[in-house]
Amino acid sequence: MTSTGVRKETGDSGPSGYAAARLRLLGEGARSGPPRRAALAELTDDWLSGLFTAAAEGLRGVCLVAVGGYGRGELSPRSDLDLLLLHDGGDTKAVAALADRLWYPVWDLGLALDHSVRTPAEARKTAGEDLKVQLGLLDARHLAGDLGLTAGLRTAVLADWRNQAPKRLPELQELCAERAERQGELQYLLEPDLKEARGGLRDATALRAVAASWLADAPREGLADARRRLLDVRDALHLATGRATDRLALQEQDQVAAELGLLDADTLLRQVYEAARVISYASDVTWREVGRVLRSRAVRPRLRAMLGGGKPAPERSPLAEGVVQQDGEVVLARAARPERDPVLPLRAAAAAAQAGLPLSLHAVRRMAAHTRPLPTPWPAEAREQLVTLLDSGRPTVDVWEALEAEGLISRLLPDWERVRCRPQRNAVHIWTVDRHLIETAVRASELTRRVSRPDLLLVAALLHDIGKGWPGDHSVAGEIIAKDVAARIGFDRADVAVLSTLVRHHLLLVETATRRDLEDPATVHSVAEAVGTQSTLELLHALTEADALATGPAAWSSWRGSLVADLVKRVSAVLAGDAPDEPEAAAPTAEQERLAIEALRTGGPVLALRAQTEPPADEASAEPEPLGVELLIAVPDQPGVLPAVAGVLAMHRLTVRTAELRALDLTDSIEEGSALLLNWRVAAEYGSLPQAVRLRADLVRALDGSLDIASRLAERDAAYPRRRGRVAPPPRVTVAPAASHHATVIEVRAQDAPGLLFRIGRALEDAAVRVRSAHVSTLGSNAVDAFYVTGAGGTPLPGAEAATVARTLEETLRT
């Protein structure tokens, strides 16, 4: 039945006829959503037009205008009627009498009414003073009377809005931010306000206003559907409660879900969250574009004056291979080829998060449209970039949401789909499951200095609640999923076992510490048996704290923290055994021995570069996956080798993924003496690798002192603008107790950065200690290094001296 049919059936344009037709329309189960809202608006239009025509007979220069939500035709069952009686300023007494004859019938029916009586000049003046009035007038729609008045006002208001946009849009953005601060984020609230919360209907209206300014526009994909879904939920909420409310209270969610034909309240909330997420992301992108346009308008006249006219090219600075920074966003380089580079989305995301910058909408959509899937298992670079993204702290959240908005996360991690937007009906939890997982990774990134495998900590944080989308105990289900995901993203069998253990037992420490008797040896031994090793216990302790901190303020306290720390101390004592000695170095290969002999013969460094690969991702693939470039360097034993080599590599923009240094005694070979052998796995930050001959020439100069590496690195850093990026945890340098009988082991955990290894090596040289061997690894953005050092006599450092060296090195790295 059409709305026209409803009107014909009533046979009465008065209040009683309108009320009966309205009740019938709202009671029609077959019609809901946009058709019902449009029919209700049309029915109301006709009724009000009839009232106006009867009451304004003979009166000229006056019209009735729908504004705000009614102007948009978005009438929910209990919506206010937003009406403006517009007049030309002639017979004001007659206009006032007309207003009474219009407003009282509305009030008599118990309908909420937001009304005003103004001339066009008064309407424009009020709009100029009150942003909310101006927003309502942007949706002005003629109902009855003098059409010219309405058209003139609409034209003038739109012109005013566009002319004043540089001033009014920042004001609108501030209003949206203040409202979000008060109401929270719709996509995470258990009892959300569908209209006022961030990502709700008010924000959708604000995006329409931005588009009307012609200054910027919102991403349109999915936005109309998200708005429709929230309006549908509000309609059902009005019908279920019989009240004009926008708050989706817990006790009404089942009834609203049934009204919409949904399975249950969780399904309802998930749909609300998905819609809110679309609107929130569109708002972020739109306001960023508004800021960019306003900045460019302010700067461009000055630049034109300075440059003598013309439009300056936007500045682009490289961040990673195929990724550059431009105008406050991370975009793809001109040479980037997403269709040939499956790691590009993760590399771009990691670079953006590390720099503390947003990923541009165009870049994300281009990658979503053209990037081919990663092979299984993932190549090493993809795994490293995921870890780097997770280790980027708070910026990770926005970058992750940008990838998720275009479906890239579910493509990379299919199991993510089950936890995406999944509500948690627990007063302790303040986030949906997926956001809680990302928040746990953010918290874990602050604890990476406490563990020897930060990559496993960060991935465990991402996966610890992944089983919540499945029936039964989520820890048990999660263990199975974590095994599959960890193997798919390229961890070896031992690391897969550790990750699955962390997911299976991520609640073990806090539950045992708060519910069991820690004085009972059986309690401690049961935890030790479940955990298995000291390193896993270390990881589980950090994961426990990160999980609790990411849950909400009620989930962690100093009391709980002390109980867990006490349990960890007791379990650690059970797991403690004899400390291993320095790892036994493998016998040198023929190539390594040849390079060492050549270095002794020539008295200078000798280099060899070769590509490293790992087996094909699948049997059908003919080509092995590139793993990096292996750089072998042999140098006659002498001071300063480690900082010299590390500095030269940093100068040439080579990222060190792993490195080993050891002394090689060649007294029984052709050339007698001792050589230092350095085995590095490196990759170019962007571009191609330098030639070996250039590396050797610079290394010779670094060793003889004619190349000032520190100055060169400082000059290069000064040439690039400082990026805000994340604030990484401070470096941590410790002496490993009883780690070796032949040397003192200095452990360094720090944020990886160009020149880091050079600074470490130089500090150790300045401390007059000798590096027997070094084991350097970079896990995502974390450097985890161990240096086996001795004094001048070749013996381990005394305890006090070792502590001084560690403390001095830590202070050096913190400056």
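Here, every reference points to the structure presented above.
Residues numbered from 1 in each chain as written. Predicted model: local features only at pLDDT ≥ 70, side-chain atom pairs only at ≥ 80, totals over all residues. Heavy atoms only, no water.

Engineer: Talk me through the overall build of the protein chain; I want residue IDs and the actual numbers.
Structural biologist: Check the secondary structure of the protein chain and you find 31 helices and 15 strands. With respect to the three principal axes, the spread of C-alpha positions in the protein chain is 120 × 80 × 55 Å. Within the protein chain, the fraction of its 815 residues that count as buried is 53%. Within the protein chain, contacts between residues separated by at least 24 positions form 71% of all contacts whose residues are at least 6 apart in sequence. A total of about 36,100 Å² of accessible surface is found on the protein chain, and carbon and sulfur atoms cover 52% of it. Across the protein chain, 98 positive and 111 negative side-chain charges occur, with their mean positions spaced 6 Å apart. (Helix = DSSP H or I, 4+ residues; strand = E, 2+ residues; numbered from the N terminus. Buried < 20%, exposed > 50% of the residue type's maximum accessible area, 1.4 Å probe, protein only. Contact = heavy atoms within 4.5 Å. Areas by Shrake-Rupley, 256 points an atom, 1.4 Å probe, with all protein chains shown as cover. Lys, Arg positive; Asp, Glu negative; His and termini not counted. Charge placed at Lys NZ, Arg CZ, Asp CG, Glu CD.)

Engineer: Account for the nonpolar core, with residues named and values stated.
Structural biologist: Most often, soluble globular proteins have nonpolar side chains that are buried together. Formed by 94 residues in total, the largest nonpolar core has its most connected members in Leu359, Trp378, Trp400, Leu413 and Trp416. It is helix α13 (residues 344–355) that provides the largest number of residues to this core, a total of 9 residues. If we ignore the near neighbours within four places in the chain, the residues touching tryptophan 400 are Leu386, Leu389, Leu390, Ile409, Leu413, Trp416, Ile438 and Leu462. Counting residues in each nonpolar core, the second largest holds 51 residues, with Val656, Leu676, Val776 and Val789 among its members. (Core = buried A, V, L, I, M, F, W, Y, C linked by side-chain atoms within 4.5 Å.)

Engineer: Residues and numbers for the packing of aromatic side chains, please.
Structural biologist: Scanning the entire structure with this criterion turns up 4 aromatic pairs. A cation sits over an aromatic face here: arginine 141 above tyrosine 70, 5.3 Å from the ring centre. (Phe/Tyr/Trp six-rings, centres within 6.5 Å; stacked < 30°, edge-to-face > 60°. Lys NZ or Arg CZ within 6 Å of the ring centre and 35° of its normal.)

Engineer: Quick one: what's the story with the side chain of threonine 744, residue by residue and with numbers?
Structural biologist: Relative to the helices and strands, threonine 744 resides in strand β13 (residues 744–751). At a separation of 2.8 Å, a polar atom in the side chain of threonine 744 contacts the main-chain amide nitrogen of leucine 797. Setting aside its immediate chain neighbours within four residues, threonine 744 contacts Val735, Phe787, Tyr788, Val789, Pro796, Leu797 and Ala802. (Polar contact = N/O pair within 3.5 Å; in protein donor to acceptor, adjacent residues only side chain to side chain.)

Engineer: Pulling in residues and values, what's your account of helix α28 (residues 692–704)?
Structural biologist: Helix length check: α28, at 13 residues, gives a terminal C-alpha distance of 18 Å against a target of 18 Å (1.5 Å per residue), a fit within 8%. Turning to α28, its buried residues number three or more, namely Leu695, Asp698, Leu699 and Ala702. Seen end-on, α28 carries its buried residues on one side only, within an arc spanning 105°. Opposite the buried face of α28, by more than 90 degrees, sit the exposed residues Val693 and Asp704. Just downstream of α28, glycine 705 is the residue with a positive phi angle, here 90°. (Expected span 1.5 Å × (residues − 1). Arc of directions from axis to C-beta.)

Engineer: Now, about helix α21 (residues 493–504): what can you tell me, with residues and values included?
Structural biologist: The terminal C-alpha atoms of α21 lie 16 Å apart, and with 12 residues this matches the ideal 16 Å at 1.5 Å per residue to within 8%. Within the span of α21, buried status applies to Asp495, Val496, Val498, Leu499, Ser500, Leu502 and Val503. Considering only its buried residues, α21 is in contact with α19 (454–463), α20 (474–488) and α24 (534–551). The backbone nitrogen of alanine 494 has a side-chain oxygen 3.2 Å away, supplied by the residue at the start of α21, namely aspartate 492.

Engineer: Outline the sheet that holds strand β4 (residues 141–145), supporting the account with residue identities and numerical values.
Structural biologist: As summarised here, the arrangement of the 4 strands in space is β3-β2-β1-β4, forming an open sheet in which the pairing is mixed. Each end of this open sheet is capped by a strand with a single partner; those strands are β3 (113–118) and β4. Pairs of neighbouring strands in the sheet enclose a mean axial angle of 25°, with direction left out of account. Of the strand pairs in this sheet, strand β1 (residues 62–66) and β4 are connected by 4 bridges, and their pairing is antiparallel. Bridge pairing links leucine 64 to alanine 144 in β4. (Pairing = 2+ DSSP bridges. Axes fitted to C-alpha atoms, helices over the stretch in contact; angles between N-to-C directions.)

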